[in-house]
Number of protein chains: 2
Amino acid sequence: MTQNTKGPLSGVTVVDLSRILAGPYCTLLMAEMGARVIKVEAPKGGDDARAYGPFVKGKSAYFASVNRGKESISLDLKNEADRAIFEKLLKKADVLVENFRPGTMEKLGYGWEALHAKYPQLIYASASGYGHTGPNSKDPAYDMVVQGQGGIMSITGSEGGPPVRVGMSIGDIGAGLYTAVAVNAALVHRLKTGEATKVDIGMFDCQIALLENAVMRYTVEGEIPGPLGARHPTIVPFQAFKTSDGSIIIAAGNDGLFLKMCEALEMPAMASNPEYKTNALRQKHHARLQAEIEARLQGGTTEHWIAVLSKAGLPCGPINNVQQALAHPQVAARNMLVEVPDGSGGTLKLAGNPLKMSAFADPPTRPAAPDLDGDRAAILSFIGE
Amino acid sequence: MTQNTKGPLSGVTVVDLSRILAGPYCTLLMAEMGARVIKVEAPKGGDDARAYGPFVKGKSAYFASVNRGKESISLDLKNEADRAIFEKLLKKADVLVENFRPGTMEKLGYGWEALHAKYPQLIYASASGYGHTGPNSKDPAYDMVVQGQGGIMSITGSEGGPPVRVGMSIGDIGAGLYTAVAVNAALVHRLKTGEATKVDIGMFDCQIALLENAVMRYTVEGEIPGPLGARHPTIVPFQAFKTSDGSIIIAAGNDGLFLKMCEALEMPAMASNPEYKTNALRQKHHARLQAEIEARLQGGTTEHWIAVLSKAGLPCGPINNVQQALAHPQVAARNMLVEVPDGSGGTLKLAGNPLKMSAFADPPTRPAAPDLDGDRAAILSFIGE
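Owing to the predicted nature of the structure, the values given are computational and were not obtained by experimental measurement.

### As for the relation of the copies chain A and chain B
Here's step 1: Overlaying chain A with chain B gives an RMSD of 0.0 Å, the required rotation being 180° about an axis along which the chain moves by 0.0 Å. Seen this way, the second copy is the image of the first under a two-fold rotation axis. Minimal C-alpha separation from the rotation axis in chain A is found for Val 181 of chain A, amounting to 2.3 Å.
Here's step 2: Of the interface residues in chain A, 100% have counterparts in chain B that sit at the interface too, so the contact is made through matching surfaces.

Structure representation (structure tokens):
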């Protein structure tokens, strides 16, 4: 479906060979920003994600969630007639996105060198497991594999407990986000200079980049960070605390907020304790500090303490489940749950677009995800076939 | 320091009022892409992150990690002379980035409406806790608070265990990434049309967007997702398994890979078991499937099974800690650990830039993070003072 809202990428055409999640998440963002995204899918079955549940009336809601607002044409890139169509598409496209195993595009005759020579306007973006260079470049990778290899699992989980997966696909979605940053930058560069570039994103690289602070702590201090449950590694108090009926998060990110918190909780002895005077001292004594705060918080419910601390201007809040998160007033106010036709007369509710811009509308609905080959006629007409 | 590498954003000037992490992570990416980023900091102490440990020779490595390659000038935005300097900077800037509590810029007389009227070329990007609209817009927020409110903690952790924090600051870094996507898109739009736009990113919105699949599963199936330890919610087997000496991640993301895995593990009964024939069936019987696989994997070490499964082309790998992750051969091959002067004659090793582009070099070093007000002379000369 091509009725995307107008956005900063209106007029940009993306040919999208990507499947499953990392590449499609990048092109979802591009569609949300107004680009025309043409999925080129294998004739039998298309994008693997079409087979991932849950299903609504036989159609994958997993697929719809990341492919709404795109168009689809099925082409066999080993068939001459289909290759001719694909090449006409490339001629009219601004960006090609793919997330094949490195080497696949070269085997098809569509590696960067070949494409750049023939379509000098075309930005080529690849999101692969380990990037297009290096000794492990061709290793197969999925989200879980790079979450494990990249170290993020080793710092996520209960203190002393086994490493756990980040509950969303940070391996894929992270790579999709960095790819979108880079593709937009490549569009800026092309608009300024006329030069198209290849973007080579490795999911593993993105995991290292996302570690950020943990990389620095390890290289500076030499200590290997481990999982810390629900507290921040270096800022104290900045964590979840138990209350009489659940948990509360308090983020007292500096000395002023710490004193404010002590006042709001009516804990003057804590405020004046020299062992809690600075963040470094609080970190040293964090276990005792936590025990003292939790002893106090046992005297009230999460709701009570949120009211008390919010009134005092402290950053604090509950630990919401997905239902509670979606019921937060900001979700409706910020249009973060959009309606998308399920293709069978019903409606899906999917995560909205956080890229809010004053120059563009953010309507409450989005076009459906395409059926496999569902936009063939419009796409053939676009390339003059 | 202004000797950033040339990149797709070369020639772009960013005035950066942002502090701590979400905004600075966005402008770090912009500096990595070649933009000139001028931090405007409060005269006493500057960016709060300058006070966050660990410290190297008295300087914050936390600060250096996200502010390397930027310049700094300290200005008091309540002082007339300093405001005049700031306004000259805005006149020459392409982008203003800030992550104040909503309303702060308006109080200073620098809200979007006022700035857009006076500096029509200026893209204005805000990254706040809840965005600039909605009933909770002005609530204070830090990373932990939006991680809790946005639902990601509720799906991260051991099965049946307490929710845990994602080990890195996904609240801040996520918002920084979406802000970078949007700012680059706004640059594209301005190059095409001349129009500058306001970008309004809410950290909470970004958390909802990052949930993605979990939002869809809840709205489609009505079940509230919980933490699942180290396995994927809907793809089986796609998880960590215990071996004789640790854990291994196996990501058999489709039926073909599942059969390949059974063959490599020499488990023909599993391959032919009709109860494991499809992903939906495997999900239904995942506990039994896991027990059978783990019984087999007890017969060898993680290293052994990685060798066996890799040879068969299965996506698999270890759960690395940060030290092991940084020792992965791709980190050196892909320049994902860069050297940055610590400002006192030594060198920091920090996470590199995953935005690899063929048109631009990716040198092994980066300029230092600026001292507070360290680039005043160069910045004043830039605006003709």
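### Notes on the pattern of salt bridges
Here's step 1: All chains considered together, the criterion is met by 39 salt bridges over all chains.
Here's step 2: With its nearest N and O atoms 2.8 Å apart, the salt bridge here joins Asp 94 of chain A to Arg 190 of chain A. Here Arg 190 of chain A lies in helix α7 (residues 170-193) and Asp 94 of chain A lies in the loop between α3 (80-92) and β6 (95-98), a separation of 96 residues in the sequence. Of the two residues examined, Asp 94 of chain A and Arg 190 of chain A, each falls in the buried class.
Here's step 3: In this structure, the salt-bridge partner of Asp 143 of chain B is Arg 165 of chain B, at a minimum N-O distance of 3.5 Å. Taken together, the residues Asp 143 of chain B in helix α6 (residues 143-149) and Arg 165 of chain B in the loop between α6 and α7 (170-193) connect sequence positions 22 residues apart.
Here's step 4: Classification of Asp 143 of chain B by relative accessible area gives buried; the value is 1%.
Here's step 5: Among the charged side chains, a network of salt bridges with common partners joins Glu 32, Arg 68, Lys 356, Asp 362 and Arg 366 of chain A.

### A word on the interface of chain A and chain B
Here's step 1: Taken residue by residue, the interface counts 141 residues in chain A and 142 residues in chain B.
Here's step 2: Carbon and sulfur atoms make up 69% of the surface buried where chain A meets chain B, a total of about 11,300 Å² over both sides.
Here's step 3: Inspection of the region where chain A meets chain B yields four salt bridges.
Here's step 4: Notably, a salt bridge pairs Arg 334 of chain A with Asp 205 of chain B, separated by 2.8 Å at the nearest N-O pair.
Here's step 5: Here chain A is connected to chain B by 44 residue pairs in polar contact (both at pLDDT 80 or more).
Here's step 6: The dominant element in the side of chain A that touches chain B, judged by the number of residues it contributes, is α7 of chain A, at 15 residues.
Here's step 7: When grouped by side-chain class, the residues that make up the side of chain A that touches chain B number 85 nonpolar, 41 polar and 15 charged.
Here's step 8: Where strand β14 (residues 356-357) of chain A meets strand β8 (residues 198-202) of chain B, two bridges bridge the pair, whose relative direction is antiparallel. Residue pairing for β8 of chain B: Met 357 of chain A is matched across the bridge by Val 199 of chain B.

The rules behind the values
Residues numbered from 1 in each chain as written. Chains lettered and ligands numbered in written order. Predicted model: local features only at pLDDT ≥ 70, side-chain atom pairs only at ≥ 80, totals over all residues. Heavy atoms only, no water. Least-squares fit on C-alpha atoms with pLDDT ≥ 70 in both. Contact = heavy atoms within 4.5 Å. Salt bridge = Lys/Arg side-chain N within 4 Å of Asp/Glu carboxyl O. Helix = DSSP H or I, 4+ residues; strand = E, 2+ residues; numbered from the N terminus. Buried < 20%, exposed > 50% of the residue type's maximum accessible area, 1.4 Å probe, protein only. Buried area = accessible area lost by both parts, 1.4 Å probe. Polar contact = N/O pair within 3.5 Å; in protein donor to acceptor, adjacent residues only side chain to side chain. Nonpolar A, V, L, I, M, F, W, Y, C, P; charged D, E, K, R; others polar. Pairing = 2+ DSSP bridges.

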